[in-house]
Structure formats: C-alpha cells, structure tokens
Amino acid sequence: MDASMWVAKTGLDAQQTRMNVISNNLANVNTTGFKRDRATFEDLLYQTVRRAGGQVTADAQAPTGLMLGTGTRILATQKIHAQGNLMQTQNALDLAINGQGFFQILQPDGQIAYTRDGAFNITANGDVVTHSGLLLQPAITIPQNAASITVGNDGTVSVALFDGTEQQIGNLQVARFVNAPGLEPLGQNLYKQTGASGPPVLLQPGLNGAGSLMQGALEASNVNVVEEMVNMIETQRAYEVNSKAISAVDGMLRFINNNL
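These lines cover the structure that appears in this document, whether it is placed above or below.

Criteria and cut-off values
Residues numbered from 1 in each chain as written. Predicted model: local features only at pLDDT ≥ 70, side-chain atom pairs only at ≥ 80, totals over all residues. Heavy atoms only, no water. Helix = DSSP H or I, 4+ residues; strand = E, 2+ residues; numbered from the N terminus. Rg over C-alpha atoms; globule rule 2.2 N^0.38 Å. Buried < 20%, exposed > 50% of the residue type's maximum accessible area, 1.4 Å probe, protein only. Contact = heavy atoms within 4.5 Å. Areas by Shrake-Rupley, 256 points an atom, 1.4 Å probe, with all protein chains shown as cover. Lys, Arg positive; Asp, Glu negative; His and termini not counted. Charge placed at Lys NZ, Arg CZ, Asp CG, Glu CD. Phe/Tyr/Trp six-rings, centres within 6.5 Å; stacked < 30°, edge-to-face > 60°. Expected span 1.5 Å × (residues − 1). Pairing = 2+ DSSP bridges. Axes fitted to C-alpha atoms, helices over the stretch in contact; angles between N-to-C directions. Patch = residues over 30% accessible without salt bridge, like charges linked within 9 Å, V, L, I, M, F, W, Y side chains within 5 Å. Salt bridge = Lys/Arg side-chain N within 4 Å of Asp/Glu carboxyl O. Parallel < 35°, antiparallel > 145°, perpendicular 65-115°, else oblique. Left-handed = near helix turned anticlockwise from the far one by under 90°. Nonpolar A, V, L, I, M, F, W, Y, C, P; charged D, E, K, R; others polar.

Section: the overall build of the protein
Alright, step 1. Of regular secondary structure, the protein possesses two helices and 20 strands.
Alright, step 2. Its C-alpha radius of gyration of 27 Å places the protein more than 25% over the 18 Å reference for a compact globule of 260 residues.
Alright, step 3. With the C-alpha coordinates of the protein rotated into their principal frame, the extents come out at 95 × 45 × 35 Å.
Alright, step 4. Taking all 260 residues of the protein together, the buried fraction comes to 36%.
Alright, step 5. A sequence separation of at least 24 residues applies to 61% of the contacts in the protein between residues at least 6 apart.
Alright, step 6. Of the roughly 14,500 Å² of accessible surface on the protein, 53% is carried by carbon and sulfur atoms.
Alright, step 7. Measuring between centres, the 15 positive side-chain charges of the protein sit 11 Å from its 20 negative side-chain charges.

Next up, the structure:
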C-alpha cells in the first residue's frame, strides 16, 4: 500500500506540471505569434512479478503476466506550430507569415534567433528592429526621405521617396526547419536552433513550402481559450483523483494499525 502512495504522488506531480503548461498557454493568449505547448505523458518502469509467457507447468505457459506500474511523468512539452489567426493592423511594419517559416533576428551575442512575431519598428537610423531593439535579418534600413514602405508577398522591400521615385532596399527571407517543435524557446517571442530542430533552410517567401508575407497584419497566438479551459478542468479533476487515492491508502493503513 505504501507503493500506492508513491504511484499517486507521481500523478500529482505530473498533473501539476501539466497545469503549469496550461497556465502558460492561457497567459500568452494575446502574445503575437505565440505557439501553444502540449504536455506529453509516459508511464514509468514496471515491476515484473510474473512474466508473460513464463512456464507455469511443464506443458503450459502463462498467457499474461503480473506487472505493476510505478506511475507516470511528463516526458516532454511540445510546441504546436499551427497557424494562428491573421489580424489586420494597417501598420506598414507589421508583417505576418502565412504558412511555415520564421523571421531571423540578430541577438546581442551575434547568434541568430527566430520568431513568428512580425511587429517591427524603425530606429532613429532607419534600421528595422523588434520591440526589444534587435535587428531583423537580412538587415533592412529605411532611407530618411522615405514616404512609404511596401513589403511584397515574396519578401521584396521597397520604399516610395518624397521626390516621387521608388527604390528597392532589400529582400526578406524566412527560415524553415525540418523539426520546428525541436526549437528551444528563449522568451521575448524568440526561438533558438537546436540539434533536434536541424539547421535552418533560408527560403524566399512563398516558394518551396515557405509561407508568404502579409504586410499590415500580425499572427495571433494559436491558443484556443475554450480548449485550454477544458484541459484545465480535466487536469484539476485528475489531480483530485490522485489526491483521493493517497487519502484512501492512508485510511486503509490507519485501519490496519488500529484494528490488527
């Protein structure tokens, strides 16, 4: 019976971790480009009392075994990279990727990070940066005499100047990964390449499976509030059941102590 308590305890720990994942999803329901997490469970090692197929008699084998489970744990959390809704903002520097791919962002240490958050701004020097001041890659610099900015679906960036002429100033690329869930979240809406994600493949937007760009729009979080609320209730009930299992075992042990 003591083992039953430990098995139920693993259930409590796993459900508490799942609740943390759900809470983070709900907290980021309004985070631009956020991708929801999903907790993945696995059962723990089994204690084999009698192996299936074991010899029962000289001529007979056991059709089933006696194996006692030792509980569960959260094996991993997986990012679900499903497309979020596209919100129209009418801001020339708001970009959304309609399809697969990530924007490239230059970090202070010189490493490249990746994001689905296309809310960009311009510095005093005309550099296109994130809200945190990190440079978009390939670098785009807006001329001081630019009257308007146009970003094509294929990543072509051009500006209309005050003298009435137009000038192409760069081309944006999107990065694709063989295993996007293998990217490591860094916070600030950024991801980092890992051995699990594989190296980035830089593509022109709209070609070879890369998503196309949409100017004047942002990708909303793909968190479904109703679904997360259902998951939260399910997790709460599972936590309560494991707690009741511990209470039940405790009552059984107390009965033995008091009556035997």
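Focus: the packing of aromatic side chains
Alright, step 1. If you walk through the whole model with that rule in mind, you get four aromatic pairs.
Alright, step 2. Residues Phe102 and Phe177 carry aromatic rings whose centres are separated by 5.9 Å and whose planes lie at 70 degrees to one another, so their mutual orientation is edge-to-face. Separated by 75 residues along the polypeptide, Phe102 in the loop between strand S6 (95-98) and strand S7 (103-106) and Phe177 in the loop between strand S15 (174-176) and strand S16 (184-187) bring together distant segments of the chain. For the pair shown, Phe102 and Phe177 are each scored as buried.
Alright, step 3. Judged by centre distance (5.8 Å) and plane angle (70 degrees), the ring pair of Phe102 and Tyr191 falls under edge-to-face.

Side note on the environment of Ala62
Alright, step 1. Tracing the chain through its elements places Ala62 in the loop between strand S2 (46-50) and strand S3 (66-69).
Alright, step 2. Classification of Ala62 by relative accessible area gives buried; the value is 5%.
Alright, step 3. Measuring from C-alpha to C-alpha, the distance between Ala62 and Ala52 comes to 5.7 Å, with ten residues separating the pair along the chain.
Alright, step 4. When residues no more than four places from it in sequence are discounted, the contact partners of Ala62 are Arg50, Arg51, Ala52, Gly53, Gly54 and Val56.

Description of helix H1 (residues 2-27)
Alright, step 1. In this model, H1 (26 residues) spans 38 Å end to end at C-alpha, consistent with the 38 Å of a helix rising 1.5 Å per residue.
Alright, step 2. Of the positions making up H1, those classed as buried are Ala8, Thr10, Gly11, Leu12, Ala14, Gln15, Arg18, Met19, Val21, Ile22 and Asn25.

What to know about the sheet that holds strand S12 (residues 146-151)
Alright, step 1. On the basis of which strands lie adjacent, the open sheet formed by three strands has the order S12-S13-S14 and antiparallel pairing. Edge positions in the open sheet fall to S12 and strand S14 (166-171), since each of these has one partner strand only. Averaged over all pairs of adjacent strands, the angle between strand axes in this sheet comes to 25 degrees, irrespective of strand direction.
Alright, step 2. Note that S12 and strand S13 (residues 156-161) share five bridges and pair antiparallel. Looking at S13, one finds that Val151 is bridged to Val157.

A word on a nonpolar patch on the surface
Alright, step 1. On the surface, Val49, Leu66 and Leu68 cluster together into a nonpolar patch covering about 260 Å² of accessible area.
Alright, step 2. In this structure, Leu66 sits in strand S3.
Alright, step 3. Judged by its relative accessible area of 39%, Leu66 falls in the partly exposed class.

Comments concerning the packing of H1 against helix H2 (residues 225-259)
Alright, step 1. Where H1 contacts H2, the axes come no closer than 9 Å and their chain directions differ by 160 degrees. As far as their axial angle goes, H2 and H1 are roughly antiparallel. Considering only the axes of H1 and H2, their crossing is left-handed.
Alright, step 2. Among the residues forming the contact of H1 with H2, the class breakdown is 14 nonpolar, ten polar and five charged.

Scope: geometric values only; no functional claims are made or implied.
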